[in-house]
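Remarks on the overall topology
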Amino acid sequence: MALRPALVNMKALDDSAVGRFWAEALGWGVSGSQPGATAAKPAGFDWLDPVGVCICVIAVPEPKTPAKNRVHVDLATTSAAHQAELVARLRALGATPAHVGQGDVPWTVLADPEGNEFCVLEPREIYRDTGPIARVVVDCTDPRAMARFWDEALDWTLHEVTDDRAVLRSAKGVGPYLEFLRTGVKTVPDRVHLDLVPDSGDDKAAEVARLRALGATDLDVGQGDVPWTCLTDPEGHEFCVLARS
């Protein structure tokens, strides 16, 4: 049995504008399979057999709250010059500086046109082969507990776990990392979350039951009768399990 992250799901008032921003930011293509949903994805991306993740922006009527998102992406760079060039290009696309208490750090914190925070990292050897997204970062209170749940939930490899962070990556050694960092307590619904897809031979209902046994709980966000299942992990982070059809 296996589940893999396929989508970084973002909410926005204007899915088309935010989706285009992320496509241009990452050098990816943009597509809209249905009204109210815009995807930014790399060439050749197959969400049924993902080795990385794409970004899917979903239209909602509520604007982002001032609270920092509990989930965000960090972008990779290859040199100091690349970092500076990327920051300048992102600002020209509509990104703005963001202040989340980061202080004097070597990375740059920005927000997309609707205020979703993200970071442009200074060059780091560990992220040299991830593609434009170095990592998906999830704020949490207990990285060790998150490691226990997500290591069992995903078909990914656990690379590191300490009191301050837990790190996973695709078992194929490609694409971005998934990192859980110790921060404050979750207080608002997640505006960004992960969508997972079962492997080709796995039954979605069985996978959802397995996640519940690991500590996931059902989530009702008014989704109605849909082919995906909304859940939360043991710390309340929302995520969805998608149907393959």
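So, how was this worked out
Residues numbered from 1 in each chain as written. Predicted model: local features only at pLDDT ≥ 70, side-chain atom pairs only at ≥ 80, totals over all residues. Heavy atoms only, no water. Helix = DSSP H or I, 4+ residues; strand = E, 2+ residues; numbered from the N terminus. Rg over C-alpha atoms; globule rule 2.2 N^0.38 Å. Buried < 20%, exposed > 50% of the residue type's maximum accessible area, 1.4 Å probe, protein only. Contact = heavy atoms within 4.5 Å. Areas by Shrake-Rupley, 256 points an atom, 1.4 Å probe, with all protein chains shown as cover. Lys, Arg positive; Asp, Glu negative; His and termini not counted. Charge placed at Lys NZ, Arg CZ, Asp CG, Glu CD. Polar contact = N/O pair within 3.5 Å; in protein donor to acceptor, adjacent residues only side chain to side chain. Salt bridge = Lys/Arg side-chain N within 4 Å of Asp/Glu carboxyl O. Axes fitted to C-alpha atoms, helices over the stretch in contact; angles between N-to-C directions. Parallel < 35°, antiparallel > 145°, perpendicular 65-115°, else oblique. Left-handed = near helix turned anticlockwise from the far one by under 90°. Nonpolar A, V, L, I, M, F, W, Y, C, P; charged D, E, K, R; others polar. Pairing = 2+ DSSP bridges.

On to the overall build of the chain. Assigned secondary structure in the chain consists of four helices and 16 strands. Taking 2.2 N^0.38 as the reference for a compact globule, 245 residues should give roughly 18 Å; the C-alpha atoms of the chain span a radius of gyration of 17 Å, in line with that estimate. Each principal axis of the C-alpha atoms in the chain carries an extent, and together these give about 50 × 40 × 35 Å. Across the 245 residues in the chain, those meeting the buried criterion constitute 48%. Taking the intrachain contacts of the chain between residues at least 6 apart in sequence as the baseline, contacts between residues at least 24 apart amount to 63%. When the accessible surface of the chain is totalled, it reaches about 11,000 Å², and 54% of it is carbon and sulfur. Here the chain carries 24 positive and 36 negative side-chain charges, and the mean point of each set is 2 Å from the other.

In this section: the environment of Leu-26. On the secondary structure map, Leu-26 appears in helix H1 (residues 15–26). With a relative accessible area of 8%, Leu-26 lands in the buried category. Along the backbone, Leu-26 and Ile-55 are 29 residues apart, and their C-alpha atoms lie at a distance of 10.0 Å.

So, about the side chain of Arg-169. Tracing the chain through its elements places Arg-169 in strand E11 (residues 165–170). A polar side-chain atom of Arg-169 sits 3.2 Å from the main-chain carbonyl oxygen of Gly-173. Polar contacts involving the side chain of Arg-169 include one to the main-chain carbonyl oxygen of Gly-175, which spans 2.9 Å. Once residues within four sequence positions are removed from consideration, Arg-169 is found in contact with Asp-129, Thr-130, Trp-156, Thr-157, His-159, Val-174, Gly-175, Pro-176 and Tyr-177.

Here we take up the pattern of salt bridges. One pass over the structure, following the stated rule, counts 15 salt bridges. For the salt bridge of Lys-64 with Glu-117, the shortest nitrogen-to-oxygen distance reads 3.1 Å. Residue Lys-64 is found in the loop between strand E4 (54–59) and strand E5 (71–75), and its partner Glu-117 is found in strand E8 (residues 117–120); the two are separated by 53 residues along the sequence. Classification of Glu-117 by relative accessible area gives buried; the value is 12%.

We now examine the packing of H1 against helix H2 (residues 80–93). Put simply, H1 and H2 touch, their axes get as near as 10 Å, and they point 160° apart. Of the possible angle classes, the one that applies to H1 and H2 is roughly antiparallel. Considering the relative orientation of H1 and H2, their crossing is right-handed. Note on element contacts: H2 touches H1 through Leu-86, Arg-89, Leu-90 and Leu-93, opposite Phe-21, Glu-24 and Ala-25. Across the contact of H1 with H2, the residue classes break down as five nonpolar, no polar and two charged.

Next up on the list: the side chain of Lys-64. The exposure class of Lys-64 is buried, given its relative accessible area of 17%. Among the polar contacts listed, one links the side chain of Lys-64 to the backbone oxygen of Ala-67, at a separation of 2.7 Å. A distance of 3.1 Å separates the side chain of Lys-64 from the side chain of Glu-117, its partner in a polar contact. Each residue touching Lys-64, except ones within four places of it in the same chain, is listed here: Asn-69, Glu-114, Gly-115, Asn-116, Glu-117 and Arg-191.

Looking now at the pairing of E5. A large share of E5 lies buried, amounting to five of its five residues. Residues Val-71, Val-73 and Leu-75 point to one face of E5 and His-72 and Asp-74 to the other, with burial holding for every one of them. Of the strand pairs in this sheet, E5 and strand E9 (residues 133–140) are connected by five bridges, and their pairing is antiparallel. Of the residues in E9, the one forming a bridge with Leu-75 is Ile-133. Relative to E8, E5 is paired through two bridges, and the arrangement is parallel. Counted as the bridge partner of Leu-75 is Val-120 from E8.

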